[in-house]
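So you can see what is in the structure, the chains are spelled out below.
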Amino acid sequence: MGVTVNTQTYPDIPVAEGEEAWTPQELAEVRQQLSDDVAQYEQKYLAAQAGLAQLLTEGSDTTGRDPADVGSSNFERDQEVSLAANARQLYEQSELALKLFDEGRYGICESCGKPIGKARLQAFPRATMCVSCKQRLERRS
Ligand SMILES: [Zn+2]
């Protein structure tokens, strides 16, 4: 399915105070970036998941193996688990942002309801929180 950028109209996406309004071109770029991210992270996630499934199959039989070997394959598996979880999170975030975009709810902080800001969205298109909410969240965790 091709996206026709020229004729497409975009919902009003808010900008932060002091920022210029979005141009259709900028919105098209951000949306393109999001849909690229969705595709890319989905592939990474699926690949990581497949790698994990393989490790689990291979690693299930530990009879007669050196305990050090078993230990390192557990480590490998843990790494694969966090890789898959990370890719999945990025995929889900990008997908959510794309969905919000298409529903015209993009660019609004899901925590405080204020505009996330154009500069931030151009740097992190999948952001669903403004900088201060994000920082507050990170300090807490
Ligand atoms: Zn906020």
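Within each chain, residue numbers correspond to sequence positions counted from 1 in written order. With the structure being a predicted model, the display of local features is reserved for residues of pLDDT at least 70 and the display and counting of side-chain atom pairs for 80 or more, all residues being used for whole-chain, interface and lining totals.

Asks: How would you explain the overall build of the chain if you had to name every residue and give the values?
Replies: In this description a helix means any DSSP run of H or I spanning at least four residues, a strand means any run of E spanning at least two, and both kinds are numbered starting from the N terminus. Looking only at helices and strands, the chain features four helices and zero strands. What you see in the chain, going N to C, is helices and strands ordered as α-α-α-α. A buried classification covers 21% of the 141 residues belonging to the chain. It is the C-beta atoms, placed from the backbone, that decide contacts: two residues are in contact if theirs lie within 7 Å. The contacts of the chain with a sequence gap of at least 6 include a subset with a gap of at least 24, amounting to 64%. Around each residue's C-beta, the other C-beta atoms within 10 Å are counted; 20 or more make the residue buried, 12 or fewer make it exposed, and counts in between make it partly exposed. All C-beta atoms are placed from the backbone.

Asks: If you had to explain the nonpolar core to someone new, which residues and values would you point to?
Replies: Counting 21 residues, the largest nonpolar core has Leu34, Tyr45 and Ala87 as the members making the most contacts within it. Where this core is concerned, the elements lending two or more residues are α1 (24-59) and α2 (67-103). With seven residues, the top contributor of residues to this core is α1. Once residues lying within four places of it in the same chain are set aside, the contact partners of leucine 34 are Ser94, Ala97, Leu98, Phe101, Pro125 and Arg126. Joined through C-beta atoms within 7 Å, a set of buried Ala, Val, Leu, Ile, Met, Phe, Trp, Tyr and Cys residues constitutes a nonpolar core.

Asks: Help me get a handle on the environment of glutamine 89, residues and values and all.
Replies: If you trace the backbone, glutamine 89 turns up in helix α2. According to the C-beta neighbour criterion, glutamine 89 is exposed, with 12 such atoms within 10 Å.

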